[in-house]
Each structure stands twice: as C-alpha cells, then as structure tokens.
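# Survey of secondary and tertiary structure
Residues per chain are reported as follows:
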Amino acid sequence: MTVRKVERTVLSVEQAEGVGAHVRRSIGTKELRNLDPFLMLDEFRVRKPAGFPDHPHRGFETVTYVLQGVMAHQDFGGHSGRLEAGDLQWMTAGQGVVHAEMPLSEEPVVGLQLWVNLASRDKMVEPAYQELKGSEIPKPSQGGVTVSVISGEALGAKSKVYTRTPTLYLDFTLQTGAVHVQPVPSGWTAFIYTLSGAIHAGPDEERQKVEPHHTVVFGNGGCVKVENKEGIPAQRLTSNLPPPFKACRMWGMWGSRSMTSQLQMEVSTRQRKDEPMTLLPLQGADIAHFVLIAGEPIREPVVQQGPFVMTTGEEIRQAVSDFHTARNGFERAQNWRSKIRDSL
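Quick look at the structure, then.

### Remarks on the overall build of the chain
- When its secondary structure is counted, the chain shows two helices and 28 strands.
- Within the chain, buried positions represent 51% of all 344 residues.
- Pairs at least 24 residues apart make up 72% of the contacts formed inside the chain by residues separated by at least 6 positions.
- Taken as a whole, the chain presents about 15,600 Å² of accessible surface, with 48% of it coming from carbon and sulfur.

Right, dumping it as structure tokens:
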C-alpha cells in the first residue's frame, strides 16, 4: 500500500462560538473550507454558563464526541439526554432539527464536533440519532496503540455506527515509540487532528512532525502512517528518582496551550521532613492523542448559510424560509424553547 503524504498542516486558532463558548475550528475556516465530505471540525471547551442554546440544522450530520465533562442535549422532537466522557452522538439532521447543547458538569466540557455533508438525495431524510456510550465503542489495543473505533474499522474491530456518507472516524493514543499504519480507501479524503503530544506522519522519507491542535491533510494513497517518537516513557522518568519522589501519579490533562514533549511537573513541598514530597506530572508527555478521520467525497456543489447546507442557493433560501415559517420539517420549531438553555 502507498503511504499517504502530508499535503498541508493548518493550526486551529481559538474563536468565539455559541453563547460565551470558545472553539478551535479546524475544517470550516478559510484555510480549510469544505474538505469534501467534511464541512467543519471544532475542538470545543465549554464551561457553565456558556453553551450552544437553541439552533437549527438542515442538510448534513453532526458528530459530537465528548472527551471530558458532561454535556446535555435536547431537540424540538422530544429527544434529550446527556453525553459523558467517551460518549458519542451521531445526529442526522436531514430535513431539519432544532436543538440545544449545554454543559452539565461543573468542570469544562471538552470534545469534538464534526459536520459531515450529505448527498443531495439524503439532505431531506427524516432526522435520526445514533448514540453510543463510551463502553459501547470498541477499543482494541496492540503494540502501544489504542484506538476507539467511532466509525469504520481498525485493528480488527468494527463500529456499529451506520454512516450515510461512508466515514472512518478513529480516536488514537500512541505510547512512546509506537507506530501505526491505518488502511484508508484510495480516493477518500483523509486528515488527522492532533489533540495532545507530538506525532510524525507520512512516509518515512517525507515524515513530518505535527504539534497539538493542528489539522494534517493527506494526499491520496492506500494508508496513513503515524509514529510517536517524542514522548518520555514513564518508567524512565521515575527510575532515577530518589525514594521521596517515587510517589507520583501521571495523567493526560487537557490544556488551552499546546502540549509539548517536555514533562511539566508540580512539586508539593511538605513542612515535615518525614512526609514524602509528591511529584505530579501535569501532562502525559509520553502519549500522543489524535483523531484520524476519512470519508468518501460527495463531489456535489456545497452552498452553506450558517447551519443550513444544501446544493443550490434556491435550496438555501427555502431552508431559511422553512425555518422561519415552521414548515417542511421545522413544524415543531414554532414556539419551541429548550429547557436546558435556561442554564445560561
């Protein structure tokens, strides 16, 4: 299989979204507009009372994947629930949905939202939901590579999510020194979004280093190759420490700044000499965390106005009119107001 080359790398810059919320927008910016079939990718970090109150969608799917915290959602058809860390919601907006997404937990809610376009034949289908708890998502592991298979297949595990637009969505963590080669159908659009830690992507002779919060767009080929060669193994970090420093705990922690390969530590000093000092690495420098997403291009015109995505200007004007007059899929929007928006 031909390893896909890195075509471009784009840093996601934080911007305001919703009400008081901030996101790092990847796809959907002027640098990466409509990466067919993908319309938008946001890395969000939302804390009460900010959020995403009542708003409509038509003509595509939203894929919400929560990494930290608890998010509530509610729509005008009576569908409601909560997404906890590791949970997934794959929502087909189709002909029309009006919903709200608001943080429930006191800690910030962190996650990703992907917009996947629908072919013209599917843009006016009935709205539908596919929701999986984190425990229901396959998580195979091999050779320092662990992957949550959100859609598609990896390391012999297959997701049960049905995608109208054929889509591969994989959440990877790579330990130091781990290498993974992921098959991706030739002709599909493929990209990586880095969450923490540094990775090296591409064929060996043209491998590129990528830091957190970057989108890596690949050229055509049969597979994507990724390696984590930047981390510091936890065993090596603690093996040479004196006994008082042996009591330490490590975890990956989300931060607004890019994570680096240097381990940041907090040392808690004690007044009494007989109390051990505690060494707390604040970021899991030995682990690289990223998502690999790929999809079959639709190759149709994309006309977008905010949350409406169709194939012609006339269809967009009709969508806006339908929403404001509560017709053609938006009938339930008339006088509807979500309960969860009241947390604002």
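### Looking at helix α2 (residues 313–325)
- Over its 13 residues, α2 runs 18 Å from end to end, which matches the ideal 18 Å to within 8%, given 1.5 Å per residue.
- Those residues of α2 that fall on the buried side of the exposure criterion are Ile316, Ala319 and Asp322. Down the axis, α2 shows its buried residues gathered within 125 degrees of arc, on one side only. Away from its buried face by more than 90 degrees, α2 exposes Arg317 and His324.
- Looking at the buried residues of α2, the elements they touch are β27 (303–305) and β28 (308–310).
- Trailing α2 by a residue or two, Ala326 shows a phi angle of about 55 degrees, which is positive.

### Observations regarding the pattern of salt bridges
- Scanning the entire structure with this criterion turns up 14 salt bridges.
- Measuring nitrogen to oxygen at the nearest pair gives 3.6 Å for the salt bridge that ties Glu211 to Lys209.
- On the basis of relative accessibility, which here comes to 44%, the residue Lys209 falls in the partly exposed class.
- Through salt bridges with shared partners, a single network forms among Glu17, Arg25 and Asp42.

### Focus: the sheet that holds strand β4 (residues 38–46)
- Here we have seven strands laid out as an open sheet, ordered β2-β3-β4-β11-β6-β9-β12, and antiparallel in their pairing. At either end of the open sheet lies a strand with only one pairing partner, and these are β2 (13–17) and β12 (128–132). Each neighbouring strand pair of the sheet contributes to a mean axis angle of 25 degrees, computed without reference to strand direction.
- Here strand β6 (residues 60–68) pairs with strand β9 (residues 88–92) via five bridges, running antiparallel. Along β9, the bridge assignment pairs Tyr65 with Leu88.

### Section: the environment of Phe52
- If you trace the backbone, Phe52 turns up in strand β5 (residues 52–57).
- Separated by 49 residues in the primary sequence, Phe52 and Glu101 place their C-alpha atoms 5.1 Å from one another.
- Those residues within four positions of Phe52 in sequence are excluded, and the remaining contacts are Glu17, Gly18, Ala21, Val23, Val46, Ala100, Glu101 and Met102.

### Observations concerning the nonpolar core
- Counting residues in each nonpolar core, the largest one holds 26 residues, and the members touching the most others are Leu170, Phe172, Leu174 and Ile192.
- Looking at this core, the elements that each hand over two or more residues are β14 (145–151), β17 (167–174), β19 (189–196), β20 (199–201), β22 (214–218), β23 (223–227) and β26 (288–295).
- Once residues within four sequence positions are removed from consideration, Leu174 is found in contact with Gly144, Val145, Val226, Glu227, Asn228, Asp286, Ile287, Ala288 and Phe290.

### A look at the pairing of β26
- By the criterion of burial, β26 is predominantly enclosed, with eight of the eight residues buried.
- Bridging between β19 and β26 involves seven bridges; their strand directions are antiparallel. The residue of β26 that forms the bridge with Thr194 is Phe290.

About the thresholds
Residues numbered from 1 in each chain as written. Predicted model: local features only at pLDDT ≥ 70, side-chain atom pairs only at ≥ 80, totals over all residues. Heavy atoms only, no water. Helix = DSSP H or I, 4+ residues; strand = E, 2+ residues; numbered from the N terminus. Buried < 20%, exposed > 50% of the residue type's maximum accessible area, 1.4 Å probe, protein only. Contact = heavy atoms within 4.5 Å. Areas by Shrake-Rupley, 256 points an atom, 1.4 Å probe, with all protein chains shown as cover. Expected span 1.5 Å × (residues − 1). Arc of directions from axis to C-beta. Salt bridge = Lys/Arg side-chain N within 4 Å of Asp/Glu carboxyl O. Pairing = 2+ DSSP bridges. Axes fitted to C-alpha atoms, helices over the stretch in contact; angles between N-to-C directions. Core = buried A, V, L, I, M, F, W, Y, C linked by side-chain atoms within 4.5 Å.

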